[in-house]
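Summary of the model geometry
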Amino acid sequence: MSPAKKQTVTALAGGVGASKLLLGLYHAMDPGDLTIIVNTGDDITMHGLKISPDLDIVTYTLAGIVNPTTGWGIRGETFHFLKRLGTYGREIWFNLGDRDLATHIHRTDLLAHGKTLSQAADHIRTSLGVKSRILPMSDQPVPTIIETADGKIHFQEYLIKHRTEPGIKAIHFHNVKHSHPAPGVLEAICDADKVIICPSNPLISIGPILAVPRVREQLRARKESVVAVCPIVGGKSLKGPSDKMMMQLGIGSSASAVAKLYADFTGTFVIDRRDAKQSSAIEALGMKVAILPTVMRTRNDKRKLALALLAL
Ligand code: FO1
């Protein structure tokens, strides 16, 4: 496929699922023309450290240092620090690696000295040589809380400590009504030639970004330029527990179920060939449908999907 024409792109992203496409985009276009708005609902404070998993996953991926096996953390990681914390009886279900720790210490210190999360994220990505802008959705903490039959828990506890086993009754974005889009977020959506919704969990990765006041409205105003890549293929999540969560909340786990969640602000909905039969149901929601290979296993798959999206 020939190189993409020059254009500015703003992508809305969660963590591991989004990063595959982001890496494709990063190499298929001028990375300086790419802005990424990242979910921070997954952020958590552990052992006094401010951890922003999705910001770090995106940054490490584009910096070329992510652990290729897990998709999070740093390649070649060791866990001596965590093991030692365990000897003090502390909870060690959240696997903080020794190399990764430097990022959390640095971010925590910047925040303690009055910097914003946006400023910390920018410093980390420029220090790691990432050329695209990486913006948190908000500078205010908006933790994603999962309501289960046994009570409310932080999303990371649900995902990692409890391995997504508890049935979910509802998802809450704590304090989101009082949050503001981080500096540059609304402008990035307003000014980009194209806005791409990455194939991330629509409920707990894209959902928190959409819940930040004025973000969804800004996307609606750009509907014709918004392209969403479906994270569900053949009824299953490309990554993580989207399918299970959508089923438990009664939304259903299909491309059209995701399309319904995005219909008010998406101009083009991208589905895999396996879901082609759902095209007319999705078009009936008021969106164009593009059928593209959305399952990205190799570097070439990522680049091909990125180029196809840029060409739409
Ligand atoms: N994901 C896991 O499945 N297990 C972990 O122990 C874990 C630790 C971790 C530490 C730092 C970090 O930045 C991310 C980490 N992740 C871990 C990934 C992360 O929690 C999730 O994949 C995202 O929040 C969902 O996008």
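A brief look at the structure comes next. (Residues numbered from 1 in each chain as written. Predicted model: local features only at pLDDT ≥ 70, side-chain atom pairs only at ≥ 80, totals over all residues. Heavy atoms only, no water.)

Bridge count for strand β6 (residues 144-148) against strand β7 (residues 151-154) is four bridges, and the pairing is antiparallel. Each bridged residue has a counterpart across the sheet, and for isoleucine 146 the counterpart in β7 is isoleucine 153. Count of turn residues in the β6/β7 antiparallel hairpin: two residues. (Pairing = 2+ DSSP bridges. Helix = DSSP H or I, 4+ residues; strand = E, 2+ residues; numbered from the N terminus.)

All right, on to the nonpolar core then. By size, the foremost hydrophobic cluster in this structure holds 47 residues, and its most contacted members are Leu12, Ile37, Ile146, Leu219, Tyr262 and Phe269. Grouped together as the second largest cluster of nonpolar side chains are 35 residues, Leu21, Leu55, Cys198 and Met296 included. (Core = buried A, V, L, I, M, F, W, Y, C linked by side-chain atoms within 4.5 Å. Buried < 20%, exposed > 50% of the residue type's maximum accessible area, 1.4 Å probe, protein only.)

A few words on the sheet that holds strand β9 (residues 194-197). Taking strand neighbours across the sheet as the criterion, the seven strands line up as β5-β2-β1-β9-β10-β13-β14 in an open arrangement whose pairing is parallel. Of all strands in the sheet, those with a lone pairing partner are β5 (133-136) and β14 (288-291), marking the two edges. Pairs of neighbouring strands in the sheet enclose a mean axial angle of 20 degrees, with direction left out of account. Packing against the sheet, helix α13 (residues 299-311) makes contact with β1 (9-13), β9, β10 (226-229) and β13 (268-271), and its axis sits at approximately 140 degrees to β9. (Axes fitted to C-alpha atoms, helices over the stretch in contact; angles between N-to-C directions. Contact = heavy atoms within 4.5 Å.)

Taken together, Gly15, Asp42, Pro53, Asp54, Trp72, Trp93, Phe94, Asn95, Asp100, Gln156, Leu159 and Ile160 make up all the residues around the ligand. One of the side-chain N or O atoms of aspartate 42 is found 2.6 Å from an oxygen atom in the ligand. Because more than half of its atoms lie within 2 Å of the grid, the ligand is assigned to the largest pocket. Elements represented by at least two residues in the shell around the ligand include exactly α2 (53-63) and α6 (155-161). Of the residues forming the shell around the ligand, the biggest block, three residues, is contributed by α6. For the shell around the ligand, the residue count by class is six nonpolar, three polar and three charged. (Near = heavy atom within 4 Å. Polar contact = N/O pair within 3.5 Å; in protein donor to acceptor, adjacent residues only side chain to side chain. 1 Å grid on protein atoms, 1.4 Å probe; cavity = no way out; pocket = protein on both sides within 12 Å on 5 of 7 lines; lining within 4 Å. Sits in = over half its atoms within 2 Å of the grid points. Nonpolar A, V, L, I, M, F, W, Y, C, P; charged D, E, K, R; others polar.)

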